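# Descriptive structure summary
This is what each chain is made of:
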Amino acid sequence: MRKLWDNTKYYKEELRKMGFDTGVSETPITPIILGESKLAQDFATEIFSEGAFALPIVYPMVAQGKARIRTMVTAAHTKDDLNDALGIFEKVGKKLGVLKG
């Protein structure tokens, strides 16, 4: 159980440092809030092509303007797994203009 929470804390902190909006989730389920549904769908497609998988959550599942990618870490993830995913999210975030750089 400790590893799950250590992974969760690390993952959320790293996403926030990059500039992603992760909302106020206090669980291993971590949203990456992107706003527009098309952006969330494009983001999910891009990360999948890079080797990561996360579902886009779009209107009407969430309010207009609150679309997001839903991610979740587990205790089975290694630090390398998390860093790989974080690298993909950063690359795609920059490509799609979500992050500066």
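Before reading on, note that the structure itself is shown above.
Notes on the structure follow. (Residues numbered from 1 in each chain as written. Predicted model: local features only at pLDDT ≥ 70, side-chain atom pairs only at ≥ 80, totals over all residues. Heavy atoms only, no water.)

### Regarding the overall build of the protein
Tallying secondary structure elements over the protein gives 3 helices and 3 strands in all. Shown N-terminal to C-terminal, the secondary structure of the protein runs as helices and strands in the order α-β-α-β-β-α. For the protein, the C-alpha radius of gyration of 13 Å lies close to 13 Å, the compact-globule estimate for 101 residues. In the protein, which comprises 101 residues, the proportion classed as buried is 37%. At a minimum sequence separation of 6, the contacts of the protein that also span at least 24 residues come to 60%. Put simply, the protein shows about 6,100 Å² of open surface, and 55% of that area lies on carbon and sulfur atoms. Of the side chains in the protein, 15 bear a positive and 13 a negative charge, and the two mean positions are spaced by 3 Å. (Helix = DSSP H or I, 4+ residues; strand = E, 2+ residues; numbered from the N terminus. Rg over C-alpha atoms; globule rule 2.2 N^0.38 Å. Buried < 20%, exposed > 50% of the residue type's maximum accessible area, 1.4 Å probe, protein only. Contact = heavy atoms within 4.5 Å. Areas by Shrake-Rupley, 256 points an atom, 1.4 Å probe, with all protein chains shown as cover. Lys, Arg positive; Asp, Glu negative; His and termini not counted. Charge placed at Lys NZ, Arg CZ, Asp CG, Glu CD.)

### Some details on unusual backbone geometry
Peptide bonds are mostly trans, and most non-glycine residues show a negative phi. Between Tyr 59 and the following residue, Pro 60, the backbone shows a cis peptide bond with an omega angle of 15°. In this fold, Pro 60 is placed in the loop between β2 (55-57) and β3 (67-72).

### Details of the environment of Asn 83
Summarising the element assignment, Asn 83 is placed in helix α3 (residues 79-95). It is 9.0 Å that separates the C-alpha atoms of Asn 83 and Glu 14, two residues lying 69 residues apart in sequence.

### Things to note about the sheet that holds β2
Pairing within the open sheet is antiparallel, and its 3 strands lie in the order β1-β3-β2. Looking at the sheet topology across the chains shown, the edges are occupied by β1 (29-35) and β2. Looking at each pair of strands side by side, their axes are set apart by 30° on average, direction ignored. By the bridge criterion, 6 bridges tie β1 to β3 in an arrangement that is antiparallel. Residue pairing for β3: Ile 32 is matched across the bridge by Ile 69. Where helix α2 (residues 37-50) meets the sheet, it contacts β1, β2 and β3, and its direction lies at approximately 35° from that of β3. (Pairing = 2+ DSSP bridges. Axes fitted to C-alpha atoms, helices over the stretch in contact; angles between N-to-C directions.)

### A few points about the side chain of Thr 30
By the element assignment, Thr 30 lies in strand β1. Of the polar contacts made by the side chain of Thr 30, one reaches the side chain of Lys 12; its length is 2.9 Å. Excluding anything up to four places from it in sequence, Thr 30 contacts Tyr 11, Lys 12, Leu 15, Thr 22, Ile 69, Arg 70 and Thr 71. (Polar contact = N/O pair within 3.5 Å; in protein donor to acceptor, adjacent residues only side chain to side chain.)

### Comments concerning a nonpolar patch on the surface
Together, Phe 48, Phe 53 and Leu 55 line one region of the surface with nonpolar side chains, adding up to about 380 Å² of accessible area. Phe 48 gets classed as exposed once you look at its relative accessible area, which sits at 58%. (Patch = residues over 30% accessible without salt bridge, like charges linked within 9 Å, V, L, I, M, F, W, Y side chains within 5 Å. Salt bridge = Lys/Arg side-chain N within 4 Å of Asp/Glu carboxyl O.)

### Quick notes on the nonpolar core
Tyr 11, Ile 32, Phe 43, Ile 47 and Phe 89 are the most contacted members of the largest nonpolar core, which has 22 residues in total. With residues up to four places along the chain from it excluded, the contact list for Tyr 11 reads Thr 30, Ile 32, Thr 71, Val 73, Leu 82, Leu 86 and Phe 89. (Core = buried A, V, L, I, M, F, W, Y, C linked by side-chain atoms within 4.5 Å.)

### Observations regarding the packing of aromatic side chains
Given two aromatic rings, their pairing is described by the distance between the two centres and the angle made by the two planes. For the coordinates displayed, the defined rule picks out 3 aromatic pairs. Summarising the aromatic geometry, the rings of Phe 43 and Phe 89 are spaced 6.2 Å apart at their centres and angled 25° between planes, so their arrangement reads as stacked. Of this pair, Phe 43 sits in helix α2 while Phe 89 sits in helix α3, and the two are 46 residues apart along the sequence. Each member of the pair, Phe 43 together with Phe 89, is buried. (Phe/Tyr/Trp six-rings, centres within 6.5 Å; stacked < 30°, edge-to-face > 60°.)

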